[in-house]
Structures are given as C-alpha cells and as structure tokens.
Amino acid sequence: MSPEAQRTLDVEITPRAGGVRELLVVALPMVVSHACDTVMTFTDRVFLSRLGSDEMNAAMSGGLTSFMVMTFFIGLIGYTTALVAQYLGAGRKDRCAVATTQAMIVCLAAYPLILASRPLVFLAFDLSGVSAGQLEYQKEYFGILVYASIVGLTRTCLSGFFSGIGRTRMVMVAACVSMVANVGLNYVLIFGKLGLPALGIRGAAYGTIIGGLLGLFVLAAAYLWPTNCREFQIARSWRFDREAMGNLLRFGYPAGIEMFLNVLAFTAMIFTFQSHSPVTATAATIVFAWDMVSFVPLIGMQIGVMSLVGRYMGARSPDTAHRSAMSGLKIGWIYSAVIFLLFICFPNSLVAAFQPGTHDPVFEQAFPIAVFMVRTASLYVLIEAIVAVFVGALRGTGDTFWTMCISVSLHWLLVPILYVMLHRLGMSAQSAWVALVLTFFAFSHLFYLRYRSGKWREIRVVPSTEELIATDHDQDFHGTPDL
C-alpha cells in the first residue's frame, strides 16, 4: 500500500498492531458487556428457582425461544460490526453510519415477521411434551418477551456500530445499565417488594424488557451525540444505500442463517432433555445455565476479534489480522483455564446455587446428575475458546459461508444423537451428555482447518480508498474520447 493511501486510513499499522494489548482494549469491554447479559439471565433463573422447578425450566426454554425467533435477524444485522470495521479500515469513515442505517432498516422489516411467529411457537410448545405446569409458565414468559424483540434488534445495530469503530466501552456502559436495572427490577417484580404485587415469571419478563430499554437509550444517546454525528456524518446516513445494504445482506445472511439454525438446534436439545423427565429437565437447565455463564463472555472476545480482524482486512493487512486472531487465542485460553478449574473443583456448589426455597424432590434427584454434567462440561471449555476466536476471525474477513456450514452441521448432528440416546435407546441423561461433549470436541477441529487453509486472506468485502481512487483514475483514463 502506498504512503499516500496509508494516510487516508483511520488505521495505523504498527509492529504492535493486533497484539494482546490492542485486542484487550477492544474486547475486554465486550467481554464485560456480555458478562452483564449473562448475569441478567442467570439471576432470572436463580430468582425463579426459588419459586419452583417449573418456573425455572420455563424461563430457560421460553427465554431461549424468544431469542431464537430473532436469531436470523440478529445474526444478519450483527455483521454490522465487521462491515463497519472494514469501512473504517478502508479509510471510508463516512460509510460506517450508512451501514448502521441499513441494519436499522432490516430491523423494521423484521419486527412484524417475528410477531407473526407467535402462534406457531405456542403450537410448538403444545407439541413439545414438557410438563403441564412448565408449559403454562413457558407460554406466559415467551408471550411477553416477543413483543419487545424490536428493542433487542435495535440494540444489536447500535452495538455493532460502536464495536466496529472500536469504541466498545459504550457497549459495556449500556450493558451495565441494563444489568443493574434488570436485576433490581426482577427482584422487586418477581417477589413483590416495595409494596408491589408478586408477579412471578411475568415480573421476570417485565424486568428484562425495562432493562433492555434503558440500555438502548444509552446507546442511542451516544450514537446521536453531536460529536459522533459530526465525525461519522450521521445526518447524511439516514437513507437506503444499495452498496452498503448489498454488503450487509451478502456477507450477513450466512451469519443469520447460522445463528438461527444453531439456536433452533440448541432449543431442540433443551426440549429433548426437558421432555425426557422433570428430573432430567431440571439437571439440564442448571447445566446449561452454567454453560452459558462460561461461554457468553467468549462471545465478547469473538466480537473483539471480529472487529480487529475486519479493520485490518479493510486496511489490506492480513498478517496483522492474523496476529489479532492469535492474540484472541491467548486470552481465550487463559479465561477458559479459569472456568475449567471452577467446573472441576466446585460442581456441587455451582449446582446448589439453584436450590429451591422449599424442599423439592425433583431438585434432590437432579442434583447428582447436574453435578456430573457440570464436571464433564469442563472437558470442552478450552475448545469453546478456540471455536469462538476462529469463528470471529473468519467472520471478520468475510468468510461467513463456510463458518455457517461447519457450525450448523455440528449443531444439527447433536440433535439426533441426543434424541436417539434418550428417547429410543432409553439411555441416561449422563450418557447422552457425554456423547454431546465428545462430538463437539471432535467436530470443532474443522474451524481450525478452515482458518489454517488461508482462503480468508483473499476475500475483499469493501474496496479501500486507494482502490476507489485507482478505479476513478482508470475510468478517467479510459473514458469516452473527445470527438
């Protein structure tokens, strides 16, 4: 790249670019923000476990289903992070806000489609085979949350903008505000504190919605702040843009399909466990709650890697993008080592955190099963870090189609394995869980092989400023001659 072109970029390529320190600046706030989301969901489960196993299990499956119906659009507009980063790295800062506007247009188109899925989801609940007590709470919880889906979609758009330009602290601040509001409101609304009636699982849904709205307000205020508006020319971005929308749909749709099919498969696994027996349902709910605690912060690391890799690929520096991915692996392994020790050494304490307020024979029977499953889950926490980093790196480069194929194949391979073992062969929940862990362990190697192939180095998502200038000069040179 010529010196003249390098000066047009907002990214400076230095010997330390893509190192651990730079990645931490971008990724750590995202890790904290996703940890806040984990705390919100986790405390919901803990609070509701005090009411009974049915409420806790219903919040797990109902909440996951409400997320599932949004996942295609969340995955699609979530590619805003990589697209904004690529525009920034290519020296086209004015296009960052334009890309964000296209994501918002997708949100508006998606909302009525999500609401239209409500009766289909209720039908699926009826056919799922869960207990009657859980089913009632599950419908109630999902029925409230689905109406607030537009809040989550819009937050994803604005979070993608700030993550793409590297200002992830703002995403962290918004997540912290949501967490504090959500935890406090859930405690008050679920149990009926401060003179308010006890709303139970409905209170958990309302607290989640209000917390999300407050987080959205923080992001919207920062996005529309006069300084930010001037820097990224936001006033001129409120329009449909064919190029930006085309890039978002072209590279974002595989991520959307991947997320939807993966969460659908994960939801199917949850229902397969929960339809086996109330004991298995309780054990699985507890284990997946802790699995979420361990994995969701890695999503923050994944977004940080995607942002940096996208930025340096936009700046046409694949070696620096590779260094960013390797920095992500180092950090991810350190984090996962801590989780590994936690799961191995303290499984009894982790399961006991969901002890109901009154004696519950279902929980007592589920306790040893959940302890075994938590301890077994420690075997793949290091692999989760590898998968998260390589998926983030591949998405940042634009290699989203192969990432989708590998990830979706893995998740949908697990569903029939689980179903056959539990419902056809009559095997125990422990045996089925071991099979899932081992399959994930073996299959995840494909992400590494795809990254190692190096095909991502050849992908071009957006043209750089230098390439645009060269194109203009070429058009001028080969233009229509004077007659």
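Remember, it's a predicted structure, so these values are computed and weren't measured experimentally. (Residues numbered from 1 in each chain as written. Predicted model: local features only at pLDDT ≥ 70, side-chain atom pairs only at ≥ 80, totals over all residues. Heavy atoms only, no water.)

**Student:** Residues and numbers for the nonpolar core, please.
**Tutor:** Of all hydrophobic cores here, the largest spans 130 residues; its most connected members are Leu153, Phe273, Phe354 and Trp433. Of all the elements, helix α14 (residues 278-314) adds the most residues to this core, at 16 residues. What Phe354 contacts, discounting residues up to four positions off in sequence, is Phe42, Arg45, Val46, Ser49, Arg50, Met56, Ile286, Ala289, Trp290 and Phe363. (Core = buried A, V, L, I, M, F, W, Y, C linked by side-chain atoms within 4.5 Å. Buried < 20%, exposed > 50% of the residue type's maximum accessible area, 1.4 Å probe, protein only. Helix = DSSP H or I, 4+ residues; strand = E, 2+ residues; numbered from the N terminus. Contact = heavy atoms within 4.5 Å.)

**Student:** Tell me about helix α21 (residues 445-452), and please be specific about residues and values.
**Tutor:** Among the residues of α21, Phe447, Arg450 and Tyr451 are the ones counted as buried. The buried residues of α21 occupy an angular sector of 95 degrees when projected down its axis, which confines them to one face. Packing partners of the buried residues in α21 comprise α15 (318-345), α18 (381-397) and α19 (400-424). Directly beyond the C-terminal end of α21, a positive phi value near 80 degrees is found at Gly454. (Arc of directions from axis to C-beta.)

**Student:** How would you summarise the environment of Thr358 if you had to cite specific residues and measurements?
**Tutor:** Secondary-structure assignment places Thr358 in the loop between α16 (347-352) and α17 (361-377). With relative accessibility at 58%, the residue Thr358 sits in the exposed group. Taking the C-alpha atoms as reference points, Thr358 and Met245, separated by 113 residues in sequence, lie 54 Å from one another.

**Student:** Kindly report on the packing of aromatic side chains, identifying the contributing residues and their values.
**Tutor:** Under the definition given, this model contains 25 aromatic pairs. Pairing Phe161 with Tyr223 gives two aromatic rings, centres 4.9 Å apart and planes at 90 degrees, and the pair type is edge-to-face. Of this pair, Phe161 sits in helix α9 (residues 149-164) while Tyr223 is found in helix α11 (residues 201-223), placing the two residues 62 residues apart along the sequence. A relative accessible area of 0% places Phe161 in the buried class. Taken together, a centroid distance of 5.9 Å and an interplanar angle of 50 degrees make the contact between Phe390 and Tyr448 tilted. Residue Phe390 is located in helix α18, and its partner Tyr448 is located in helix α21; the two are separated by 58 residues in the primary sequence. (Phe/Tyr/Trp six-rings, centres within 6.5 Å; stacked < 30°, edge-to-face > 60°.)

**Student:** An account of a nonpolar patch on the surface is needed here, citing residue identities and associated values.
**Tutor:** There is a patch of nonpolar side chains on the surface, built from Val173, Val177, Tyr206, Ile210 and Leu214 and spanning about 360 Å² of accessible area. For the nonpolar patch, the secondary structure elements donating two or more residues are α10 (168-191) and α11. A total of 3 residues in the nonpolar patch trace back to one element, the largest contributor, which is α11. Looking at where Leu214 falls in the secondary structure, it is placed in helix α11. (Patch = residues over 30% accessible without salt bridge, like charges linked within 9 Å, V, L, I, M, F, W, Y side chains within 5 Å. Areas by Shrake-Rupley, 256 points an atom, 1.4 Å probe, with all protein chains shown as cover. Salt bridge = Lys/Arg side-chain N within 4 Å of Asp/Glu carboxyl O.)

It is worth stressing that arrangement in space is one thing and function is another; only the former is reported here.
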